[in-house]
Amino acid sequence: MTLQELPTPCYVVEEGLIEENLKILRGVAERTGARILLAQKAFSMYALYPLIGRYLSGATASGLYEARLCAEEMAAPLALEGKACENHIFSPAYAEKDFAEILQYCDHLVFNSWNQVKKYGKRAKAAGKCIGLRINPECSTQEGHAIYDPCAPGSRLGVTREEFEKVFMEEREGIMPKGLHKLLDGLHFHTLCEQDSDALEETLEAVEKNFRAYLGNIKWINFGGGHHITRKGYDISRLEKCIRRMQELYGLTVYLEPGEAVALNAGFLVASVLETVYNGKNIAILDTSAACHMPDVLEMPYRPPLESSGEPGEKPFTYRLGGPTCLAGDVIGDYSFDRPLKEGDRLIFGDMAIYSMVKNNTFNGMPLPSIVLRDKTGEYRIWKTFGYGDFKERL
């Protein structure tokens, strides 16, 4: 198929671009000995899991379903090739009904509180699993995006130093079982969002300041995600310096779990113009929706790149691009073009592999976009299509 023959709307993921990102990540792993995992919450197109698993050490999950997806679509195929695949999981709180199944799939379990360690830790240890605890370094490095800041005041994510040390007093007083802290194999923190390694370096200083006394008693530390390692201009040498510091000072195995960096700039969303109207400005209504198909446009918010377009007023014809839902704010952004838009024109939005398929929805009964894989030969293959049944069966 050609690009013009693809159904719209559709997500197109470029296998070759995914592999270029994976080569960068594997380079970091090979030079430092760090273990890098795919954070499935950002990108879960399992058609590419065998490829990803050949470059990375495995994947990390936010819950049972992602853990099972890794086991079935990455670990199982790689096992046939004789390659190991790590399957990590973190949840703010595990559900008892899911825990036995999680133990079947995951080798590393990270807990969010001492109470969760108390409830599940011995069971996990008895099953031969590695146990971690998420810490909160109380070091905010983000500006303007409190929704993505796990170190914001009142955060539910991670144990602060005060809460971490409280367990020792509670063990002495019999509130917590004695030796609970000895169940830990590692510590985990995740504080970054689309950031460079200078933010990681600052965060590590806080981790060492608050938790240095305990770093010598564990085997590994997980730097979490949010590292934009594959973005042009990212300071990889500083990242590798941070990794080596924790290895050399404390003898720790270092994990990173990027999501965006695996699929950054490796996919796009193809949409068609349904109608143009005028209300003080030119408006184009597309067959794709910010609210349904690219929710981070509204949540982040951000203005996605659009092929052959410019900033408002930069080119002769400026349009506000919006979706066909009833939501008045279902607007992708304002863009300018060399010629007027007309019904049937195709528009190509960039960087749509990440946080798109994993977050889309069927609000207003909107159909989900098809998923297309463009392989390394340039051929387009429709991986998955969705219809009325996918909408109905969710309700």
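Scroll up a little and you will see the structure.
Since this is a predicted model, take the numbers as computed values, not measurements. Along each chain, residues carry numbers from 1 onward, in the same order as the chain's sequence is written. The predicted origin of the model limits local features to residues at a pLDDT of at least 70 and limits the giving and counting of side-chain atom pairs to 80 or more, whereas totals for whole chains, interfaces and linings rest on all residues. Only hydrogens and water are set aside when side-chain values are computed; all heavy atoms of the structure are taken into account.

Chemist: Is there a simple way to think about the overall build of the protein chain in this case?
Modeler: Numbering of helices and strands starts at the N terminus; helices are DSSP runs of H or I of at least 4 residues and strands are runs of E of at least 2. Within the protein chain, the secondary structure is distributed over twelve helices and 16 strands. Here the C-alpha atoms of the protein chain give a radius of gyration of 23 Å, agreeing with the 21 Å that 2.2 N^0.38 yields for 395 residues. Principal axes of the C-alpha set define a box for the protein chain whose edges measure 70 × 45 × 45 Å. Sequence separation of at least 24 residues holds for 68% of the intrachain contacts in the protein chain that already meet a minimum separation of 6. Note on areas: Shrake-Rupley with a 1.4 Å probe; residue coverage comes only from the protein chains shown. Within the structure as shown, the protein chain displays about 17,800 Å² of accessible surface, and the carbon and sulfur contribution to it stands at 50%. Under this rule, positive means Lys or Arg and negative means Asp or Glu; His and the chain ends count for nothing. Charged groups are reduced to one reference atom each: NZ for lysine, CZ for arginine, CG for aspartic acid, CD for glutamic acid. Distance between charge centres in the protein chain, computed from 45 positive and 54 negative side chains, equals 5 Å. C-alpha atoms define the radius of gyration in this analysis, and the globule rule sets the expected value at 2.2 Å times the number of residues to the power 0.38. What makes two residues a contact is simply this: any of their non-hydrogen atoms within 4.5 Å.

Chemist: Would you mind showing me how to read the pattern of salt bridges here?
Modeler: Opposite charge on two side chains makes pairing possible when the charged atoms of those side chains draw close. One speaks of a salt bridge when a side-chain nitrogen belonging to Lys or Arg is within 4 Å of a carboxyl oxygen belonging to Asp or Glu. Evaluation of the coordinates by the stated rule reveals 27 salt bridges. Asp196 serves as the salt-bridge partner of Arg231, at 3.5 Å between the closest nitrogen and oxygen. In this pair, Arg231 is assigned in the loop between β8 (220–222) and α8 (236–250) and Asp196 in the loop between β7 (186–188) and α7 (197–215), connecting sequence segments 35 residues apart. Relative accessibility thresholds used throughout: buried, under 20% of the residue-type maximum; exposed, over 50%; partly exposed, between the two (1.4 Å probe, protein chains only). For Arg231, a relative accessible area of 30% gives the class partly exposed. For the salt bridge of Arg303 with Glu311, the shortest nitrogen-to-oxygen distance reads 3.3 Å.

Chemist: Explanation requested: unusual backbone geometry in the structure shown.
Modeler: The omega torsion of the bond from Thr8 to Pro9 falls at -5 degrees, within 30 degrees of zero and hence cis. Note on placement: Pro9 falls in the segment before β1 (10–14). Following Met300, the chain continues into Pro301 via a peptide bond in cis, with omega recorded as -15 degrees. Here Pro301 is to be found in the loop between α11 (296–299) and β12 (317–322). Phi is positive for Glu194, which is not a glycine, with a value near 55 degrees. Take Glu194: it is sitting in the loop between β7 and α7. Despite not being glycine, Asn265 shows a phi value in the positive range, around 55 degrees.

Chemist: Can you walk me through the nonpolar core in this structure?
Modeler: By convention a nonpolar core is built from buried Ala, Val, Leu, Ile, Met, Phe, Trp, Tyr and Cys residues, the set being connected through side-chain atoms within 4.5 Å. Ranked by size, the top nonpolar core spans 102 residues in total, and within it Phe43, Ile52, Trp114, Phe164, Phe223, Leu321 and Phe349 carry the most contacts. Discounting residues that sit within four places of it in the chain, Phe164 has contacts with Trp114, Leu133, Ile135, Val159, Leu184, Leu187, Phe211 and Tyr214. Grouped together as the second largest cluster of nonpolar side chains are eight residues, Leu6, Cys10, Phe268 and Val270 included.

Chemist: Looking at this structure, I do not really get helix α5 (residues 114–126). What am I missing?
Modeler: The α-helix advances 3.6 residues per turn, and as a result positions three or four apart in sequence lie on the same side. The span one expects for a helix is its residue count, reduced by one, times 1.5 Å. A rise of 1.5 Å per residue sets the reference length of α5, with its 13 residues, at 18 Å; its end C-alpha atoms lie 18 Å apart and thus fit the reference within 8%. In this scheme, the bend at a residue equals the angle between the axes fitted to the seven residues that finish there and the seven that begin there. At Tyr120, α5 is deflected by roughly 50 degrees, the largest bend along its length. Three or more residues of α5 are buried, namely Trp114, Gln116, Val117, Tyr120, Gly121 and Ala124. For α5, the elements touching its buried residues are α4 (96–105), β5 (108–111), β6 (130–134) and α6 (161–172). With its phi angle positive at about 80 degrees, Gly128 sits one or two positions after the end of α5.

Chemist: Which parts of the structure should I look at to understand the sheet that holds strand β2 (residues 35–39)?
Modeler: Pairing between the strands of a sheet comes from backbone hydrogen bonds, and it takes one of two forms, parallel or antiparallel. Taken together, the eight strands give a closed barrel; going around it, the order is β2-β3-β4-β5-β6-β7-β8-β9, and neighbouring strands pair in parallel fashion. Each adjacent strand pair in this sheet contributes to an overall mean axis angle of 25 degrees, direction not counted. In this sheet, β6 lies alongside β5 in parallel orientation, the contact comprising four bridges. The partner of His108 across the bridge, within β6, is Cys130. Contacts from α4 reach β4 (86–90) and β5, with the element oriented near 135 degrees to β5. At least two DSSP bridges between two strands are needed for those strands to be called paired. Structural elements are reduced to axes, namely lines fitted to C-alpha atoms, with helices fitted over the stretch in contact, and the angle between N-to-C directions of any two is expressed from 0 to 180 degrees.

Chemist: Help me understand α8, please; the structure alone is not making it clear to me.
Modeler: Across its 15 residues, α8 extends 21 Å between first and last C-alpha, which sits within 8% of the 21 Å expected from 1.5 Å per residue. Residues of α8 that are buried make contact with α1 (15–32), α7, β8 and β9 (253–256). Once α8 finishes, Gly251 follows within two positions and takes phi at roughly 65 degrees, a positive value.

Chemist: Help me out: how do you make sense of the pairing of β12 in this one?
Modeler: Regular strands place side chains that alternate from one sheet face to the opposite one. Pairing between strand β11 (residues 282–286) and β12: four bridges, direction parallel. When the sheet's bridge partners are listed, Ile283 is paired in β12 with Arg320. With six bridges connecting them, β12 and strand β13 (residues 331–337) associate as antiparallel partners. Across the sheet, residue Thr318 finds its bridge partner in β13, namely Ser336.

Chemist: Explanation requested: the pairing of strand β10 (residues 267–278) in the structure shown.
Modeler: Two strands pair when backbone bridges link them, and β1 and β10 are joined in this way by four bridges, in the antiparallel orientation. Its bridge partner lying in β10, Val13 is registered against Gly267. Across five bridges, the pairing between β10 and strand β14 (residues 346–350) is antiparallel. Along β14, the bridge assignment pairs Phe268 with Gly350.

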